[in-house]
Amino acid sequence: MKHLVSFLTFQLLAFLALAQAPADFKSIEDYKTAEPTVLETANFILDTPADLDELKRLNSFQYILKWMEGTPDYTFSIESEAMQLTDGKTELLTVYLSAMTKAVLDSSSPLTNEQVQAKAKEYTVQYCAKEENHIKPSKAIKKILKSQKS
């Protein structure tokens, strides 16, 4: 049931994001051309506290989500581990999906789905480890952070 609620929350978020996102992508070439901007946008989300400039973060996430949905060069899948990691929290899911985007665009060679998931997890945990980001980590992230301190 918990996963169903998380899935529905994500779907609603995706619907709202796509309904409001600007139509920047008219052709397949537009997705490739936008990659540097998408990476910069993902870095913005991963470098900005969750409670700072919320409207810009929302618009940035909408742009990333629209790019993720339409890019022909990459396929993104959200595994059950990601749902456990984010616990269905929109703020954490925003960070996680931005981290997935950063992972594929920062890599000099193609990544497997497992590698993308691992990098996204790493970036998300790093984001949550910084108290100045003002984001409440999930239980799974707290557990990872606790094990890293040991």
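Residues numbered from 1 in each chain as written. Predicted model: local features only at pLDDT ≥ 70, side-chain atom pairs only at ≥ 80, totals over all residues. Heavy atoms only, no water.

(A) Local environment of the packing of aromatic side chains. Using the criterion set out here, one finds five aromatic pairs in the structure. Centre to centre, the rings of W67 and Y74 are 5.8 Å apart; their planes meet at 45°, and the pair counts as tilted. By relative accessible area, which is 0% here, W67 ends up buried. Y74 sits in the partly exposed class, given a relative accessible area of 23%. Look at Y74 and F76: their rings are 6.4 Å apart centre to centre, the planes differ by 40°, and that puts the pair in the tilted class. (Phe/Tyr/Trp six-rings, centres within 6.5 Å; stacked < 30°, edge-to-face > 60°. Buried < 20%, exposed > 50% of the residue type's maximum accessible area, 1.4 Å probe, protein only.)

(B) Spatial organisation of the confidence of the model for the protein chain. Residues of the protein chain with pLDDT of at least 70 account for 85%, and the chain-wide mean is 87. Low confidence marks residues 15-21, where pLDDT is under 50. Its contacts with residues over four positions away, or in another chain, come to eight contacts. (pLDDT = per-residue confidence, 0-100. Contact = heavy atoms within 4.5 Å.)

(C) Highlighting the environment of L52. Tracing the sequence through the fold places L52 in the loop between α3 (35-47) and α4 (54-70). What makes L52 partly exposed here is its relative accessible area of 48%. (Helix = DSSP H or I, 4+ residues; strand = E, 2+ residues; numbered from the N terminus.)

(D) Spotlight on the environment of D24. For D24, the location among the structural elements is in the loop between α1 (2-20) and α2 (28-33). Ignoring sequence-local partners within four residues, the contact set of D24 consists of D30, Y63 and K66.

(E) View of the packing of α3 against helix α6 (residues 90-106). Between α3 and α6, whose axes approach to 9 Å, the crossing angle comes to 140°. For the element pair α3 / α6, the angle class is oblique. Both α3 and α6 take part in a crossing whose hand is left-handed. Residue-level contacts link E35, V38, L39, A42, N43, I45 and L46 of α3 to T94, V95, S98, A99, T101, K102, L105 and D106 of α6. Tallied by class, the residues present in the contact of α3 with α6 amount to eight nonpolar, four polar and three charged. (Axes fitted to C-alpha atoms, helices over the stretch in contact; angles between N-to-C directions. Parallel < 35°, antiparallel > 145°, perpendicular 65-115°, else oblique. Left-handed = near helix turned anticlockwise from the far one by under 90°. Nonpolar A, V, L, I, M, F, W, Y, C, P; charged D, E, K, R; others polar.)

(F) Focus on unusual backbone geometry. A positive phi angle, close to 55°, is found at D87, a residue other than glycine. Secondary-structure assignment places D87 in the loop between α5 (80-86) and α6. A positive phi angle, close to 50°, is found at H134, a residue other than glycine.

(G) Inspection of the packing of helix α7 (residues 113-129) against helix α8 (residues 139-149) at higher detail. Orientation of α7 relative to α8, taken along the N-to-C sense of each, is 80°, at an axis distance of 10 Å. With respect to their mutual orientation, α7 and α8 come out roughly perpendicular. For the pair α7 and α8, the contacting residues are K121, T124, V125, C128 and A129 in the first and I141, I144, L145 and Q148 in the second. Along the lines of polarity and charge, the residues of the contact of α7 with α8 split into six nonpolar, two polar and one charged.

(H) The arrangement of the nonpolar core in detail. Counting 39 residues, the largest nonpolar core has V38, W67, M68, L97, M100, I135 and I141 as its most contacted members. Leaving out residues up to four positions away in the same chain, I135 has contacts with A50, E91, L92, V95, Y127 and C128. (Core = buried A, V, L, I, M, F, W, Y, C linked by side-chain atoms within 4.5 Å.)

(I) Quick look at the pattern of salt bridges. Summed over all chains, the structure comprises four salt bridges. With a shortest N-O distance of 3.4 Å, E35 and K32 are connected by a salt bridge. According to the relative accessible area criterion, K32 is partly exposed, its value standing at 47%. Here E81 and K121 are joined by a salt bridge, their closest N and O atoms 2.8 Å apart. Separated by 40 residues along the polypeptide, E81 in helix α5 and K121 in helix α7 bring together distant segments of the chain. (Salt bridge = Lys/Arg side-chain N within 4 Å of Asp/Glu carboxyl O.)

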